[in-house]
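# Summary of the model geometry
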Amino acid sequence: MPDGCGTANRGLAASVSGRPDGEAPALSLIVPCHNEAANMRPFAERVMECLSVEGAPETLELIFVDDGSQDDTLAQVTELIAEAPSDRIQMCAIELSRNFDKEAAMLAGLERATGALIGFIDADLQQDPQTSFEMYAYLQSHPEMDCVAAVQEERREGRMVTWLKKRFYRTFNAVGDVELPAHASDFRVFRRNVADALMAMPEYFRFSKGLFAWVGFRTHTIPYQPAERHAGETSWSLRGLFGYAFSGIVSFTTWPLRLVLYLGIIASVASLAYLIVVLFEYLIVGINVPGYPTLVCLILLFFGIVMLAMGVFGEYLGRIYIEGKRRPIYIARQVITQPAKAASPAKATTPSAEAANEGARIEDASAR
Ligand code: UDP
Ligand code: MG
């Protein structure tokens, strides 16, 4: 299998269906990695194991995206690349200049993927490469479908997280402009048309589940059961999950703005009604309404509503501000590719550190 992850795609117009030599791998798997040093080798071994199962792709491109890891993730990946374990696998690694987040890492991988079919998979072995290959096989035998999404059969997180995630899907689907299939993740395999559509969306705040739902296409779902994390810890805290969920809702709907409008309308109607009651009591019944407590309550209520409205506006304004800067979504520090087999057999076994230091194997950094 020839050398190299292909060049970056930049949207619909840049649809690439092959590598520089014209031969596209059957499947590109994009693996975002953040502090996954202990998982890299077991992950690669599992991929190799699954490749020998019938129905696996003939050729595979593995794109590791090192998302600002502070451990040995990159060194581990560089070793794997230098070892070039099989003719059927072509590996490369994109090192981002810092930790951008999984969404940015996924985009970085997507822009370099050259496979006819493309998939995302986590590095921690919670998602089995065998399932990716089953999704691949499904698309091979169903040309009318564009995407296969693996959906968690049952959640193994704590009760609190499960409950919150359920609420999130309910809320999102109630207020969002697109429908999120419950428990669908970004563990998917899809065709290039889907990849091109995803890359054509230049937004900074990326929420893959929403983006997949927004681009549409014919999606088949298959159940899967996530395994325990092989090593290391999840990068998600409860606070992080909250932020991600909130960001997802704000990215895909202006419903909070509408909610503030409704609150404003309700408050105005209620205060008008109260004014009528006060006037009626004062002018017709002749009661001198005690004003101070009422006034304090009303001021606090309306002040609260105004502050809430400002908070919601601020959230959207902040996003417009950040999107308006058009900063790159990620910055790649270097791209490490496999040594070309044809050039020299000695090179193919070059130790990792040297491979990483050889100018020929490190491409220019890019940003998007
Ligand atoms: N990840 C990443 N950048 C981050 C956080 C996570 O690339 O900032 C990767 C991580 O290495 C893993 C995948 O995203 O391959 C899923 O992360 P994690 O296992 O922490 O999430 P969980 O499975 O708990 O949802
Ligand atoms: Mg995980």
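Now for a quick tour of the structure. (Residues numbered from 1 in each chain as written. Chains lettered and ligands numbered in written order. Predicted model: local features only at pLDDT ≥ 70, side-chain atom pairs only at ≥ 80, totals over all residues. Heavy atoms only, no water.)

## Looking at the overall build of the protein chain
For the protein chain, the helix and strand inventory stands at twelve helices and nine strands. Residue burial in the protein chain is summarised as follows: out of 368 residues, 45% are buried. Restricting to contacts in the protein chain with at least 6 residues of sequence separation, those with at least 24 account for 84%. Accessible area of the protein chain: about 18,400 Å², with a carbon and sulfur share of 61%. (Helix = DSSP H or I, 4+ residues; strand = E, 2+ residues; numbered from the N terminus. Buried < 20%, exposed > 50% of the residue type's maximum accessible area, 1.4 Å probe, protein only. Contact = heavy atoms within 4.5 Å. Areas by Shrake-Rupley, 256 points an atom, 1.4 Å probe, with all protein chains shown as cover.)

## Thoughts on the site of ligand 1
Ligand 1 sits among 16 residues. The nearest are Glu36, Asp67, Asp124, Thr234 and Ser235. At 2.5 Å, a side-chain N or O of Glu36 approaches an oxygen atom of ligand 1. (Near = heavy atom within 4 Å. Polar contact = N/O pair within 3.5 Å; in protein donor to acceptor, adjacent residues only side chain to side chain.)

## Concerning the coordination of the magnesium ion (ligand 2)
Around the magnesium ion (ligand 2), the protein contributes the donor atoms Asp124 (OD) and Gln126 (OE1), which lie 1.9 to 2.0 Å from the metal centre. For Asp124, a relative accessible area of 3% translates into the label buried. For Gln126, a relative accessible area of 26% corresponds to the partly exposed category. (Donors = N, O, S within 2.8 Å, 3.2 Å for Na, K, Ca; no water.)

## Considering a nonpolar patch on the surface
On the surface, Leu272, Leu275, Ile276, Leu279, Phe280, Tyr282, Leu283, Ile284, Val285 and Ile287 cluster together into a nonpolar patch covering about 1,000 Å² of accessible area. Inspection of the secondary structure assignment puts Ile276 in helix α9 (residues 255-285). Note on Ile276: relative accessible area 53%, which makes it exposed. (Patch = residues over 30% accessible without salt bridge, like charges linked within 9 Å, V, L, I, M, F, W, Y side chains within 5 Å. Salt bridge = Lys/Arg side-chain N within 4 Å of Asp/Glu carboxyl O.)

## A look at the nonpolar core
Counting residues in hydrophobic clusters, the biggest one holds 41 residues, and the most contacted among them are Leu96, Leu110, Phe190 and Leu198. Among the elements that take part in this core, helix α3 (residues 102-112) stands out by supplying six residues, more than any other. (Core = buried A, V, L, I, M, F, W, Y, C linked by side-chain atoms within 4.5 Å.)

## Points about empty space enclosed by the protein
Summed over all chains, the structure comprises one cavity of 30 Å³ or more. When its volume is computed, the largest cavity comes out at roughly 80 Å³. Glu103, Met106, Leu107, Leu110, Phe120, Leu198, Arg206, Ser208, Leu211 and Phe212 are the residues that line the largest cavity. Broken down by element, the residue count for the lining of the largest cavity peaks at four residues, all from α3. Each residue belonging to the lining of the largest cavity can be placed in one class, and the counts come to seven nonpolar, one polar and two charged. (1 Å grid on protein atoms, 1.4 Å probe; cavity = no way out; pocket = protein on both sides within 12 Å on 5 of 7 lines; lining within 4 Å. Points joined across faces, edges and corners; volume = space filled by probe spheres on them. Nonpolar A, V, L, I, M, F, W, Y, C, P; charged D, E, K, R; others polar.)

## Considering the pattern of salt bridges
Per the stated rule, a full pass over the model turns up twelve salt bridges. One salt bridge connects Asp128 with Arg46, and the closest N-O pair in it is separated by 2.8 Å. Taken together, the residues Asp128 in the loop between β4 (117-120) and α4 (129-141) and Arg46 in helix α1 (residues 37-51) connect sequence positions 82 residues apart. A relative accessible area of 26% places Asp128 in the partly exposed class. Three or more residues joined by partner-sharing salt bridges are found here, namely Glu36, Asp124 and Arg229.

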